[in-house]
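Remarks on the overall topology
So the chains spell out like this:
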Amino acid sequence: SAVISQKPSRDICQRGTSLTIQCQVDSQVTMMFWYRQQPGQSLTLIATANQGSEATYESGFVIDKFPISRPNLTFSTLTVSNMSPEDSSIYLCSSRWGDTQYFGPGTRLTVL
Amino acid sequence: EDQVTQSPEALRLQEGESSSLNCSYTVSGLRGLFWYRQDPGKGPEFLFTLYSAGEEKEKERLKATLTKKESFLHITAPKPEDSATYLCAVQAAGGTSYGKLTFGQGTILTVHP
């Protein structure tokens, strides 16, 4: 199985600021994924981060709001920009090994 | 549009009382159906992937089955430590995003001693 770690585990931020979430995987992977889990909701894919190319965003998510970096095969960052209370969610990093998809522990973000 | 519906929303069992969770899905060609367990404050923990109707997989007290329209997660003689939210997700065949899973809302399982 894979080990995925995220930093920070939680944060409380002010409206209008930005937060960058880091994701580290313990082995090299081609694709990494960022999901959001809003309060009381299930998981929704934000974007797919490929090493060496631009991230691919799902409908309803844009690069200006959620810029993603993927500098190498074991690391990615997601930035939540110009935050509002509606951005309060758990943000999860994920990756695939064969046909198994693993998730990180999540970053719990609260925006005041 | 791919859809996943899980039932019941919440299930309370006594220790040792076996039961099943349901996951109904609509997808334009199923590549895989995934079951996860999620504890409060943690990320989803992978349990099973099922690929075709008739397939079954087991892990300890859990057994997952798949038909063309739904999947069941059977819990045999549950223990309090099985209490968690169980998530079902599908991946459509031929999708543009290899890791795009469509999740259901989950079933919150509580097992009382």
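Everything below is about the structure shown above.
What comes next is a walk through the structure. (Residues numbered from 1 in each chain as written. Chains lettered and ligands numbered in written order. Predicted model: local features only at pLDDT ≥ 70, side-chain atom pairs only at ≥ 80, totals over all residues. Heavy atoms only, no water.)

In this approach the atoms are scanned with a rolling probe the size of a water molecule, which exposes any empty space left behind. In this structure, the second largest pocket encloses a volume near 450 Å³. What lines the second largest pocket is a set of 23 residues, among which A:Gln37, A:Gly40, A:Gln41, B:Gln38 and B:Thr85 lie closest to the centre. Put simply, the parts of the chain that give the lining of the second largest pocket at least two residues each are β9 (89–97) and β11 (107–111) of chain A together with β9 (84–92) of chain B. Class assignment of the residues belonging to the lining of the second largest pocket gives a composition of seven nonpolar, 12 polar and four charged. (1 Å grid on protein atoms, 1.4 Å probe; cavity = no way out; pocket = protein on both sides within 12 Å on 5 of 7 lines; lining within 4 Å. Points joined across faces, edges and corners; volume = space filled by probe spheres on them. Helix = DSSP H or I, 4+ residues; strand = E, 2+ residues; numbered from the N terminus. Nonpolar A, V, L, I, M, F, W, Y, C, P; charged D, E, K, R; others polar.)

Okay, the pairing of β9(B) next. Residues and elements named next belong to chain B. Among the nine residues in β9, nine count as buried, and that is most of the element. On β9, burial covers both faces: Ala 84, Tyr 86, Cys 88, Val 90 and Ala 92 on one face and Thr 85, Leu 87, Ala 89 and Gln 91 on the other are all buried. Summarising the sheet, strand β4 (residues 30–38) and β9 pair through eight bridges and their orientation is antiparallel. Note on β9: the bridge partner recorded for Leu 33 is Val 90. By the bridge criterion, three bridges tie β9 to strand β11 (residues 107–112) in an arrangement that is antiparallel. Looking across to β11, one finds that Thr 85 is bridged to Ile 108. Two elements, β9 and strand β10 (residues 102–103), share two bridges in a ladder whose sense is antiparallel. (Buried < 20%, exposed > 50% of the residue type's maximum accessible area, 1.4 Å probe, protein only. Pairing = 2+ DSSP bridges.)

For the bond running from A:Lys7 to A:Pro8, omega is -10°, close enough to zero to count as cis. Looking at the element boundaries, A:Pro8 is found in the loop between β1 (4–7) and β2 (10–13). In this model, B:Ser7 is joined to B:Pro8 through a cis peptide bond whose omega is -10°. With respect to the element layout, B:Pro8 can be found in the loop between β1 (3–7) and β2 (10–14). Within the chain, B:Glu60 stands out as a residue other than glycine whose phi angle is a positive 55°. Phi is positive for B:Ala77, which is not a glycine, with a value near 45°. Within the secondary structure layout, B:Ala77 lies in the loop between β8 (70–75) and β9.

Residue and element names in this part refer to chain B. Here strand β5 (residues 45–50) lies mainly inside the structure; five of its six residues are buried. Sheet analysis places β4 next to β5, joined by five bridges and oriented antiparallel. Bridging from a neighbouring strand, Arg 37 pairs with Glu 45 of β5. Hairpin connection of β4 to β5: six residues between the antiparallel strands, including Gly 41 at a positive phi of 80°.

Facing 22 residues of chain A, the contacting portion of chain B comprises 21 residues. Interface area for chain A against chain B, summed over the two sides, is near 1600 Å², with a carbon-plus-sulfur share of 49%. When the area that chain A buries against chain B is broken down by residue, the three leading residues are A:Ser42, A:Arg96 and A:Asp99, summing to 29%. There are one salt bridge connecting chain A and chain B. For A:Glu58, the salt bridge is made with B:Lys100, and the minimal N-O distance between the two is 2.9 Å. Summed over the shared surface of chain A and chain B, the result is seven residue pairs in polar contact (both at pLDDT 80 or more). Among the secondary structure elements, those contributing two or more residues to the side of chain A that touches chain B are β4 (31–37), β5 (43–50), β9 and β10 (100–103) of chain A. Per-class residue counts for the side of chain A that touches chain B are nine nonpolar, nine polar and four charged. (Contact = heavy atoms within 4.5 Å. Buried area = accessible area lost by both parts, 1.4 Å probe. Salt bridge = Lys/Arg side-chain N within 4 Å of Asp/Glu carboxyl O. Polar contact = N/O pair within 3.5 Å; in protein donor to acceptor, adjacent residues only side chain to side chain.)

Here the focus is the pattern of salt bridges. Residues and elements named next belong to chain B. Throughout the structure, instances matching the rule amount to six salt bridges over all chains. One salt bridge in this structure joins Asp 82 and Arg 61, with 2.8 Å as the shortest N-O distance. Remark: Arg 61 occurs in the loop between β6 (56–59) and β7 (62–66) and Asp 82 occurs in the loop between β8 and β9; sequence separation between them is 21 residues. Residue Asp 82 is classed as buried on the basis of its relative accessible area of 7%.

Now for the nonpolar core. Core analysis: the biggest nonpolar cluster contains 40 residues, and A:Tyr35 and B:Phe103 have the highest contact counts within it. Per element, the largest residue contribution to this core is five residues, and it comes from β5(A). Formed by 24 residues, the second largest nonpolar core is a distinct cluster that contains B:Leu21, B:Tyr25, B:Ala64 and B:Ala84. (Core = buried A, V, L, I, M, F, W, Y, C linked by side-chain atoms within 4.5 Å.)

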